[in-house]
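Summary of structural features
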Amino acid sequence: FGWYALKLQSLASDGKDERDHLVAPLARLTEIDAILGELGLERHGLEEGSQGWQPVHASTVIGSIIVAVMVAALALAPLVLGPISDWPPEVLRATPLISIGLLVLGLLLLLMALVDWRHRRWRLTGGLLHIARGAFSRTHIILPARHIQSADIGIGPVTRRFDTAALRLGVPGGAAGQHQIAAIAEPVARQLRQQLLAAT
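As the structure is a computational prediction, the values presented were derived from the model and not from experiment. (Residues numbered from 1 in each chain as written. Predicted model: local features only at pLDDT ≥ 70, side-chain atom pairs only at ≥ 80, totals over all residues. Heavy atoms only, no water.)

1. Brief notes about the sheet that holds strand β6 (residues 139-144)
Two orientations exist for strands paired in a sheet by backbone hydrogen bonds: parallel and antiparallel. Quick reminder of the rule: Here a strand pair is declared whenever DSSP counts at least two bridges between the two strands. Helix and strand assignments come from DSSP, with helices taken as H or I runs of at least 4 residues and strands as E runs of at least 2, each series counted from the N terminus. Between two residues, a contact is recorded if the distance between any of their heavy atoms is within 4.5 Å. Each axis is a line fitted through C-alpha atoms, and for a helix only the stretch in contact is used; angles between axes span 0 to 180 degrees, taken between their N-to-C directions.
Pairing is antiparallel across the open sheet formed by 4 strands, whose spatial order is β3-β4-β5-β6. Pairing within the sheet leaves two strands with one partner each, and these edge strands are β3 (54-55) and β6. Bridge analysis of strand β5 (residues 128-133) against β6 gives 6 bridges, and the strand direction is antiparallel. Within β6, the position partnered with His130 by the bridge is Ile142. Against the sheet, helix α5 (residues 186-198) makes contact with β4 (121-125) and β5, and its axis sits at roughly 40° relative to β4, the strand it touches most.

Here it is in structure tokens:
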């Protein structure tokens with residue numbers, strides 16, 4: 001319906017489990033832009049066709065692919081577990097429905113992961129790092145580079161195989177690694193890290 005929420009992160013917090021201040025729970029983008037302007041921040045649109053956004057690597061969906069394959073294997077398990085004729089009649093009647101349901105669930109998990117990956121992107125412009133994620137519940141994080149206190153590069157067994165890395169960022173009032181850009185090319189991650197730390 002065109003409503004957005006604006007949260008600000010600072011050294012203070014609204015509670016033990018809430019690190020952000022909700023300053024505009026229901027606002028239009030024009031109202032949010034006005035508030036950001038007062039703070040010396042600028043929002044860059046996530047609309048289709050916006051320029052300068054960099055996607056994350058597709059390896060971020062590997063975990064979801066593994067889960068989907070496991071669910072599909074579970075759905076097909078009745079076909080390879082032995083003579084079905086030995087199973088109780090009530091199990092025989094329910095097995096096709098359960099298998100179909102598991103297959104559909106696996107496909108839905110995979111589809112949701114692919115759609116979510118298509119909406120994960122980032123950009124650095126004007127001293128502001130923008131991180132966007134989420135297809136259904138969209139989140140747009142704006143981090144002034146001068147406020148980034150730490151930038152750690154994480155390389156795991158999967159990301160190493162694809163020559164990618166995760167860039168985890170620490171900011172005042174936030175948990176360690178709360179904000180991150182997952183699975184970007186390792187040289188790009190190291191160059192971005194240098195740019196962010198040089199701005200502090």
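From this point, things continue past the structure.
2. A few points about a nonpolar patch on the surface
As a reminder, the rule being used: Patches in this entry comprise residues that are over 30% relatively accessible and not in a salt bridge; like charges within 9 Å are linked, as are nonpolar side chains (Val, Leu, Ile, Met, Phe, Trp, Tyr) within 5 Å. Per-residue accessibility takes into account occlusion by the displayed protein chains alone, with areas from the Shrake-Rupley method and a 1.4 Å probe. Here, a salt bridge means any side-chain nitrogen of Lys or Arg that lies within 4 Å of a carboxyl oxygen of Asp or Glu. The buried label applies to any residue whose accessible area, calculated with a 1.4 Å probe on protein chains only, is under 20% of its type's maximum; exposed applies above 50%, and partly exposed to all values in between.
A cluster of nonpolar side chains, contributed by Ile100, Val104, Leu108 and Leu111, occupies part of the molecular surface with about 360 Å² of accessible area. Take Leu108: it is sitting in helix α3 (residues 89-118). Its relative accessible area of 44% is what places Leu108 among the partly exposed residues.

3. What to know about the confidence of the model for the chain
Counted only if it meets this: For every residue, the predictor assigns a confidence score, pLDDT, that lies between 0 and 100.
Of the residues in the chain, 82% reach a pLDDT of 70 or more, and the chain-wide mean stands at 82. When the elements of the chain are averaged for pLDDT, α3 gives the smallest value, 80, and helix α1 (residues 29-38) the largest, 92.

4. Comments concerning unusual backbone geometry
Phi is positive for Asp163, close to 55°, though the residue is something other than glycine. If you trace the backbone, Asp163 turns up in the loop between α4 (157-161) and β8 (164-170). Asp163 sits in the partly exposed class, given a relative accessible area of 44%. Of note, the phi angle at Ala183 is positive, near 55°, even though the residue is not glycine. Within the secondary structure layout, Ala183 lies in strand β9 (residues 179-185).

5. What to know about α5
Put simply, the rule reads: Helices are assigned an expected span. That span is 1.5 Å times one less than the residue count. Relevant arc is that of directions from the helix axis to the C-beta atoms, nothing else.
For α5, spanning 13 residues, the distance from its first C-alpha to its last is 18 Å, which sits close to the expected 18 Å at 1.5 Å a residue. Looking only at α5, the buried set comprises Glu186, Ala189, Leu192 and Leu196. The buried side chains of α5 occupy one side of the element, clustering within an arc of 120° when seen end-on. In α5, those exposed residues whose orientation departs by more than 90 degrees from the buried face are Pro187, Gln194 and Ala198. Looking at the buried residues of α5, the elements they touch are β4, β5, β7 (150-154), β8 and β9.

6. Some details on helix α2 (residues 62-76)
Counted at 1.5 Å a residue, the expected span for α2 with its 15 residues is 21 Å, and the 21 Å between its end C-alpha atoms agrees. All buried positions along α2 are accounted for by Ala68, Val71 and Ala75. Seen along its axis, α2 keeps its buried residues to an arc of 60°; they face one direction. In this structure, α2 carries Val69, Met70 and Leu74 as exposed residues pointing more than 90 degrees from its buried face.

7. A short note on the nonpolar core
For clarity, the threshold we go by: Nonpolar core, defined: a set of buried Ala, Val, Leu, Ile, Met, Phe, Trp, Tyr and Cys residues in which side-chain atoms within 4.5 Å join the residues together.
Counting 18 residues, the largest nonpolar core has Leu129, Leu143, Leu169, Ile181 and Leu196 as the members making the most contacts within it. Listing elements by their share of this core, those giving two or more residues are β5, β6, β8, β9 and α5.

8. With respect to the sheet that holds β8
Spatial strand order, β7-β8-β9: 3 strands in an open sheet with antiparallel pairing. In the strand order of this sheet, the two ends are held by β7 and β9, each with one partner. With direction set aside, neighbouring strand axes in the sheet form an average angle of 20°. Inspection of the sheet shows β8 paired to β9 by 5 bridges, in the antiparallel sense. The residue of β9 that forms the bridge with Leu169 is His179.

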